[in-house]
Amino acid sequence: MSPSHPESPAGAYGWRPIIVIACLFFIIGFVTWLNGPLITFVQVAFNLSTVSAFLVPMCFYLSYLLFPLPATLLAQKTGLRSGLVVALVIMAVGIAIFGECVSMRWYPGALSGLFVIGAGLSLLQITINPYVTLLGPTEKAAQRIAIMGVANKLAGIVAPIVLAMLVMRNINDIASRVKAAPDAIARDHILDQFAHAVQVPYLVMAVILLVTAVGLARSSLPEIDISGSNSATPSTLPATQDDAARTTPRGPTYLWLGVLCMFVYVGTEVMAGDAIGAYGASLGLPLDQTKFFTSLTLAAMMGGYILGMFLVPRVFSQERYLGLSAICGLALCVLTWLTQGYVSVMCVALFGFANSMILPSLFPIVIRDVEERGAQATALLVMAFSGGAVLPQLFVQLMPVLGVQSAFVVLMAPSYCLIVLYNILIQRRNRSRPVPVMMVES
């Protein structure tokens, strides 16, 4: 295959692997961003409190804490293509379990299905993020990850709308009928009919994932060593200054601080995407509107990805854009706290714009610093996705004490402050490091 244009983020293997991986990110986004409207759905279908309903993101993201290390070992043994196939099959099983258990209104079973989906996504993330990072020049990694983000968030825009239209029609009316039911038998009959609508859509999703797994098994994606010891760039190409800098050993402090930043970042992303419906409902907005709010956050996030693809690294370095994104998040914290109603909800949705380029910038920065331990660093970063389980639970626990807006800002603002601190330390270190000699790989 002929190499791509020097200015292209695709790398030496061209655009075909980028397109295939982008399709997988669309699937990841569709499955992941169903959680936002699902919180509202299960709260009505199982007649739950807000705290119990927020077990949906908790169980989903908690799997990221438990499975990345086993997933890393499996990915190293199976290789890229086989690891991706196994991940898709696991996700299909989890989706089928979730759909069946919801249709039977068995909440613990539904949560177990989400946990299995998260296990499959752990394996997928362990392989796919470093694969995209190493697929071409490191300084353009943020552009490639941003392309994946566009596919992911496009799915995130579509998924809540599809779920809302297929299984959450007239949810306000359903909730009113449940409250007005004369007895438990009548209430359960209404909820049984409502919950059963999930079964067919989730079965269809499971079949689509299995078909995708078969197609991926027969594809010809290039094999790349995700341990980080090998580069996806052919050895005949000159190494950049950034490539030479990667050979300099780094201390573990930056790795652990980067992992902590990933933990709080994923928490803020889930807060803005999954918790926005509960945020709007707590402000008195109707459920027939709040079920679509996740799509607003994802639309803002996709706009941020598109802008980031043009600005990084042409105008801003990955490090500089990371800091600007976190500062934008801090500004939105102030606006969210000062405004009310729909305006406040729109400020929450705009966190998607602020968050959009944090992961595309943060992931390659951390991986670059520990190239010789790339697989272990990747596992730690994916484990840090469990921040999506912690921050939303803290949010619903603090809501009755502080109020919805104060609880939201109290969790979001320190998270962005930590990312700003990490960014300052990284840029100071880069300025103090001697400029390495340009080298050509043999």
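What comes next is a walk through the structure. (Residues numbered from 1 in each chain as written. Predicted model: local features only at pLDDT ≥ 70, side-chain atom pairs only at ≥ 80, totals over all residues. Heavy atoms only, no water.)

Focus: the nonpolar core
Going by this rule: Definition of nonpolar core: a set of buried residues of the types Ala, Val, Leu, Ile, Met, Phe, Trp, Tyr and Cys, connected through side-chain atoms within 4.5 Å. When a residue's accessible area, from a 1.4 Å probe over protein chains only, is under 20% of the maximum for its type it is buried; when over 50% it is exposed; and in between it is partly exposed. For helices the rule is a DSSP run of H or I covering at least 4 residues; for strands it is a run of E covering at least 2, with both sets numbered from the N terminus onward. In this description, contact between two residues means that some pair of their heavy atoms is separated by no more than 4.5 Å.
Judged by nonpolar contacts, the single largest core of 148 residues is most densely connected at Ile21, Phe41, Tyr202, Met262, Phe351, Phe395 and Tyr422. Counting residues per element, this core draws most heavily on helix 22 (residues 404–432), which supplies 13 residues. Beyond its immediate sequence surroundings of up to four residues, Ile21 is in contact with Ile128, Tyr131, Val132, Met148 and Leu221.

What about the packing of aromatic side chains?
How we decide: Aromatic rings from Phe, Tyr and Trp, with only the six-membered ring used for Trp, were paired whenever their centres fell within 6.5 Å, and each pair was classed as stacked if the ring planes differed by under 30 degrees, edge-to-face if by over 60, and tilted otherwise.
Overall, the coordinates contain 13 aromatic pairs when judged by the stated rule. Ring plane angle 40° and centroid distance 5.0 Å describe the contact between Phe46 and Tyr107, whose orientation is recorded as tilted. Of this pair, Phe46 sits in the loop between helix 2 (35–45) and helix 3 (50–53) while Tyr107 sits in helix 7 (residues 107–134); the two residues are 61 residues apart in sequence, bridging distant segments of the chain. Note on Phe46: relative accessible area 10%, which makes it buried. Seen in terms of ring centroids, Phe60 and Tyr61 are 5.1 Å apart; in terms of plane orientation they differ by 75°. Their pairing is edge-to-face. Judged by relative accessible area, Phe60 falls into the buried class, the value being 1%. Pairwise contacts between aromatic rings join Tyr279, Phe351, Phe395, Phe408 and Tyr416 into one cluster.

Some details on the pattern of salt bridges
Where we set the bar: Just to be clear on terms, a salt bridge is a Lys or Arg side-chain nitrogen sitting within 4 Å of an Asp or Glu carboxyl oxygen.
Under the definition given, this model contains 4 salt bridges. When the shortest N-O distance is used, the salt bridge between Arg105 and Asp188 registers 3.6 Å. Highlighted residues: Arg105 in the loop between helix 6 (80–103) and helix 7 and Asp188 in helix 10 (residues 184–196), separated in sequence by 83 residues. A residue is classified by how much of its surface remains accessible, and Arg105, at 22% relative accessible area, is partly exposed. By relative accessible area, which is 28% here, Asp188 ends up partly exposed. Here the salt bridges do not stand alone but share partners, grouping Arg105, Arg187, Asp188 and Asp192 into one network.

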